[in-house]
Amino acid sequence: MPRTSSRKRNSRRIDSTIRVTSNLSPNAPEFIPLTDNDNNAIQRENVIIRSMTFSASSSASNSSGNNSNSNCEASSSISTIPDALQHKSQRDLLISLLNECKVDCVICYERAKNVEQIWNCRNCYQIMHLKCVLVWFLKSHRNAVWRCPACQSEMTGKPKYICFCGTLPNPYHNNVDTPHSCGQVCGLQRKNSNLNYDDCHHKCTLLCHPGPCPQCVVQVLRSCACGKKRVYAQCGQSTQIICNNICFKTLNCFSHKCEKMCHVGSCEPCTKGCPQICYCGKSERQVPCTQENAMVMYYSCGNLCEKKLSCENHLCQKVCHVGQCDPCIALSVNRCPCGKRSLTEDELGNRTLCTQPVPTCDQPCGKPLECGPPENPHLCEQKCHEGPCVRCERKTKYVCKCGSRSKEIKCNSVTSELTCKKKCNKMMSCGKHRCMTVCCNAQEHICTRTCNGLLNCRKHRCDRVCHTGSCAICFEASFEELYCRCGNSFISPPIRCGTRPPLCTLPCSREHECDHPATHICHDEEECPPCIALTEKLCYGGHELRFAIPCHIKNVSCGMPCGIPLPCKRHTCVKPCHPPPCNTGPCQLPCNLPKTDCSHPCSKPCHDGSCPPVACKIMVSVSCICGNLTEARICSDPKVVEYRLQVKVQSMNFLDNIVNSSPIIKSYKILECTTECAKLERNRRIALALQIRNPDLSPNVTPRYSDFMKEFAKKDASFCNYVHEKLALLVTNAKQSKQNSRSHSFEVMKYEKRKLIHEYSEHFGCESIAYDAEPNRNVVVTALKEKSWLPNYSVVEVIQRESGCPRVNPFASIQKRNTVILNKKL
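Reading the values: the criteria
- Residues numbered from 1 in each chain as written.
- Predicted model: local features only at pLDDT ≥ 70, side-chain atom pairs only at ≥ 80, totals over all residues.
- Heavy atoms only, no water.
- Axes fitted to C-alpha atoms, helices over the stretch in contact; angles between N-to-C directions.
- Helix = DSSP H or I, 4+ residues; strand = E, 2+ residues; numbered from the N terminus.
- Parallel < 35°, antiparallel > 145°, perpendicular 65-115°, else oblique.
- Left-handed = near helix turned anticlockwise from the far one by under 90°.
- Contact = heavy atoms within 4.5 Å.
- Nonpolar A, V, L, I, M, F, W, Y, C, P; charged D, E, K, R; others polar.
- Salt bridge = Lys/Arg side-chain N within 4 Å of Asp/Glu carboxyl O.
- Buried < 20%, exposed > 50% of the residue type's maximum accessible area, 1.4 Å probe, protein only.
- Phe/Tyr/Trp six-rings, centres within 6.5 Å; stacked < 30°, edge-to-face > 60°.
- Lys NZ or Arg CZ within 6 Å of the ring centre and 35° of its normal.
- Pairing = 2+ DSSP bridges.
- Core = buried A, V, L, I, M, F, W, Y, C linked by side-chain atoms within 4.5 Å.
- Expected span 1.5 Å × (residues − 1).

(A) Here's a closer look at the packing of helix 10 (residues 717–736) against helix 11 (residues 751–763). At a minimum axis distance of 11 Å, the contact between helix 10 and helix 11 shows a crossing angle of 45°. Classified by the interaxial angle, the pair formed by helix 10 and helix 11 is oblique. Read as a crossing pair, helix 10 and helix 11 show a hand that is right-handed. Where helix 10 abuts helix 11, its residues Phe719, Cys720, Val723, His724 and Leu727 lie against Lys753, Leu756, Ile757, Tyr760 and Ser761. Among the residues making up the contact of helix 10 with helix 11, the classes are represented as 7 nonpolar, 2 polar and 1 charged.

Shown next as C-alpha cells:
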C-alpha cells in the first residue's frame, strides 16, 4: 500500500491505541526506558506498555470484505487491543501480534510483514523495518554511536537482520515458529528481580522469542545473614534470609562477639568500654573497645608526675611518663648557683643531702633577666644566690602590642603586657567594617559580625558572617501555589522566596475610580497605572473647558489670570489659573488709583482711603518748544510741576472754570531751544519746499565708512546695496511703527558678510547680534524708533564719489531712496 494512504490511516487512529505517535528524530533527547520492575508494576495495574507498537483489526476491516490475515495487508480500520491480550505480558503480546502480522514500524508507520527484514531493539524491544533503521542509522550515527528511534538508547555497530536471540542471521520464515525467530532455545541471560544481584547464571529456556526474557525462578541454596543456616530460595531474591539464632560474629574489637539475633548487614561497633590507667596512677578512663585500644592498658594524663624521687625530699616535675623517675639532680650539682665557680672536693663532701644549700661565690649573679630589650636583656646584679632572680630597679622602654606606642617603665612594676589606647582602624576581612579593637596586634582581622544584608527576595536578611561580595540567594521556599492578582495564572510549588507572580495577560480586574475600561493587564503592584482616557475638564477658575485631558489629571490650569476678586475689593488675582484659595493676606498689589495732581497711578501697595501725598517717581518726557530736544525727568521735578500748573490754569481759564479733571499732558515743553533747533527748522522748511521726506538729516554730513567696508564694496557692490536697502527699510518701518523697535533677521552667511552687516548697522544707529553656531550663524538687526537714523550716502555712493564720479545731490538721493522704500511698503 502506498505510504500516503498509510499515513491517512494512522492519522485517524484514536488515543486508545498503544502505538507511540510522537515524532522521533536523530537529535531527540535521550529516552530513559522503564526497568523490569516498572514493567511488572504496569502489567499488574493493567496498564498498556507504551514502548510497544502494535495494532489489531476491528470490525471495519471485516466489513470491507478483506478477511485474510495471511496477506498481511495494511487495513484502514481503527486499531485497538483485544480484550484477550490485555492481561498478557509484553512477550506474549508481541508473539500474538507477529503471528497476526499487526506490528507497525514506528519510522514509516507501515505494517512490518513477516517476509520483510526487521530490526529488534534489545532495550525497548521495538520492531522496525531494517531498511528504515538503516536510513536512520546513516543519518544519525556519530562516531559509530547512534540512538534507537523509539527509546533513544545508544547503539553501536550497523543494524542487521538477525533472530531475537541473536544466534541466527537472516532467519528463514516458516509457518511453525514465531516470525523472525530461529526456532531454537533462546539461551540469553534471564531477567532478575533483584537488580543488585549479579550471581545469577541461568539462561532462558524458552524458544527464540521477541520481548524480554522471563524472570529467573530457579531455586538455589542460600545462607542466612549469620551463615549458620542454609535454605532453598528463588535466585536473586531481594529479601535477606534471617534465622532465629544469635549472630555471634566477632565485632570490630576482635575481643567480643555480637549478641544480637541474626540480622542483615554488618554488626554494630562494640559498645563495651576498655579501662585504662595513667602512668602516674592518678586518673583512670574508659575508651571504646577497639582492636587498637584493647592492647593498650596505660596512657599519659598530661599532668605532672609528682612521685617522690630517690632522695625522698623532692617530687618528679616531668609530665606523666613511662618507667622510673630520674634521680634527684640537686646532689649532682658541682658548680655554684651562678655557674662561675666549681665546687671544691670539701664542699662536695660536706653536702650529703639534697636539701643542703649549694655554696655560693662572691661574684655577681649575671644571669639574664626577663626585663630589658630582647636583644640586650638586663643582668641580675645580686650576688651569687640560689632560687629565681628578682627584677631589677632599672627602667626599660616597653612597646605596646600593636607597636605604635612606647614608654619607659620600671622593670619591677611591669605586671602584664603593655597596651595603648589607639584603635586599630584596619579594614577587616569582609571589606566593609574596620577593626575597632584597642591596641590590636592580630595578623588577620576577621570580621565576626552578622551580615544582615537584604537578600534578593527583599524580605529576608543574610544570616551569614560578614563576607565580601554579594549575599547568597534566599533559600526559603513556599509549597503553596503562587497566583496572579486575578487568580487566572499560577506557579506550581515549590516556589523560591522572592519569585514574582506569574504574568497574566487578562485585563486588570480591580475597581478603579473612573468608569473607563482598564487598558492595562493584571499586575501585582498596589497601585494601578493612571487612566489615560481623554476627557473634557474645566480649569481651576472655570474660565474655559479644556479638551483631550487624560482622565488621571484631576485639576487643569488654563494659564489665564485667575481673576477672582481679592479681599481689598479693588484688585483681582493676577496669578495664572490655580487651585483655591487665592492669597488671603493683605493685598500687596500697587494701588493704581490716579493721583489728584498728576493723574499718574499710585505706586504704593493697596491701601484704604486716599492716596498718601508722596512725590511721584514716574519719569515723564520733557522737550523744547520745537520738539528737537527731548529728555526724561521725574514727575515731581519743580519745573515739571510748574508747567503742569500753568497748563491747568490756562485750561481752566479757557473753559471758564468748568473743567473738573486735570488735562492730559503728553510732553512737557520746559527746555530751551538751541541753535541746532534753528538749523533743523530751516531744514524742514527747505525740505517742505523741495518735498523731501527725511528732513532730519543734515545734507553736509558724510558717513565715515571703514576701510573694510570700502574694500568689500569694491568687490561686491550688489551685496552692499542689498544690505543698505534692508537696513533703510527697517529704520523707516521703525519710525512709522507704533512699537519702540523693529527687527530683521538676515539669512545664514559667511563671516565677512556678517562683519559688513555689523559695521553697516552702526551707521544706521541699529543694534546687531549674531545667533547660532557655525555654519548656521546669522545676524539679527534691531532698529529703535527714537535712536535709529538713515545715513545720507551708502558705502557704494561714497566709493563712487572718491573714484571721481560727479557729485550727487544729497537731497535728491534721499528723496529718491525714501520714495522707493515707501513704494515697496505700499
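Now that the structure has been shown, we can carry on.
(B) Structural context of unusual backbone geometry. Following Pro580, the chain continues into Pro581 via a peptide bond in cis, with omega recorded as 0°. The residue Pro581 is located in the loop between strand 17 (545–550) and strand 18 (619–624) in this model. Non-glycine residue Asn170 carries a positive phi angle of around 50°. Positionally, Asn170 belongs in the loop between strand 4 (154–156) and strand 5 (219–223). One non-glycine residue with positive phi stands out, namely Arg458, at about 65°. Along the polypeptide, Arg458 turns up in the loop between strand 11 (406–410) and strand 12 (477–478).

(C) Representation of the pattern of salt bridges within the structure. This model, assessed by the stated rule, comprises 14 salt bridges. For Arg147, the salt bridge is made with Glu154, and the minimal N-O distance between the two is 3.8 Å. Looking at Arg147, the relative accessible area reads 22%, which means it is partly exposed. In this structure Glu154 comes out as exposed when scored by relative accessible area, which is 54%. In this structure, the salt-bridge partner of Glu306 is Lys282, at a minimum N-O distance of 3.1 Å. Of this pair, Glu306 sits in the loop between strand 9 (298–299) and helix 6 (345–350) while Lys282 sits in the loop between strand 7 (273–278) and strand 8 (284–288), placing them 24 residues apart in sequence. Under the relative-accessibility criterion, Glu306 is labelled partly exposed at 40%. Classification of Lys282 by relative accessible area gives partly exposed; the value is 46%.

(D) View of the packing of aromatic side chains. Applying the stated criterion to the full structure yields 11 aromatic pairs. Relative to Tyr722, the ring of Phe719 lies with its centre 6.2 Å away and its plane at 40°, an arrangement referred to as tilted. Taken together, the residues span about one helical turn, with Phe719 and Tyr722 both in helix 10 at a distance of 3 residues. Using a relative accessible area of 29% as the deciding quantity, one classes Tyr722 as partly exposed. Taking the ring centre of Tyr299 as reference, the NZ or CZ of Arg285 above it sits at 3.8 Å. Above the ring of Phe708, the side-chain terminus of Lys755 is found at 4.5 Å from the ring centroid.

(E) The arrangement of the sheet that holds strand 7 in detail. Strands sit in the order 8-7-9 across an open sheet of 3 strands; the sheet is mixed. Edge positions in the sheet fall to strand 8 and strand 9, since each of these pairs with one other strand and no more. Strand direction decides the pairing type here: strand 7 and strand 9, joined by 2 bridges, are parallel. The partner of Ile277 across the bridge, within strand 9, is Tyr298.

(F) Examining the sheet that holds strand 19 (residues 630–634) more closely. Reading across the sheet, the 3 strands line up as 19-18-20 and stay open at both edges, with mixed pairing between neighbours. With partners counted over all chains shown, the strands left at the sheet margins are strand 19 and strand 20 (668–671), one partner each. Direction aside, the axes of adjacent strands within the sheet are offset by 50° on average. Relative to strand 20, strand 18 is paired through 3 bridges, and the arrangement is parallel. In the sheet register, Val622 faces strand 20, and the bridge partner there is Tyr668.

(G) Representation of the nonpolar core in the model. In terms of nonpolar packing, the biggest core is built from 33 residues, with Trp119, Cys121, Ile127, Met128, Trp146 and Cys148 touching the most fellow members. Counting residues per element, the ones that place at least two in this core are helix 4 (90–99), strand 1 (118–120), strand 2 (127–129) and helix 5 (130–140). Broken down by element, the residue count for this core peaks at 5 residues, all from helix 5. When sequence neighbours within four positions are dropped, the list of residues in contact with Met128 reads Cys105, Val106, Ile107, Gln117, Ile118, Trp119, Val133, Cys148 and Pro149. If you look at the next biggest cluster of nonpolar residues, it comprises 28 residues, including Cys720, Val779, Val781 and Ile799.

(H) Fine view of the packing of helix 9 (residues 707–715) against helix 10. At their nearest, the axes of helix 9 and helix 10 sit 5 Å apart, and the two run at 120° to each other. The residues of helix 10 that touch helix 9, namely those facing Phe712, Ala713 and Lys715, are Ala717, Phe719 and Cys720. Residue composition of the contact of helix 9 with helix 10, by class: 5 nonpolar, no polar and 1 charged.

(I) Structural view of the pairing of strand 10 (residues 395–399). Burial along strand 10 is one-sided: Thr396 and Tyr398 are buried, and none of Lys395, Lys397 and Val399, which face the opposite way, are. Strand direction decides the pairing type here: strand 10 and strand 11, joined by 5 bridges, are antiparallel. When the sheet's bridge partners are listed, Thr396 is paired in strand 11 with Ile409.

(J) Structural context of helix 11. With 13 residues, helix 11 should reach 18 Å at 1.5 Å per residue; the first-to-last C-alpha distance of 19 Å fits that figure. Among all positions in helix 11, only Arg754, Leu756, Ile757, Glu759, Tyr760, Ser761 and His763 are buried. Each element contacted by the buried residues of helix 11 is listed here: helix 9, helix 10, strand 22 (767–771), strand 23 (778–784) and helix 12 (795–802). Where helix 11 terminates, the next one or two residues include Gly765, which has phi positive at roughly 70°.

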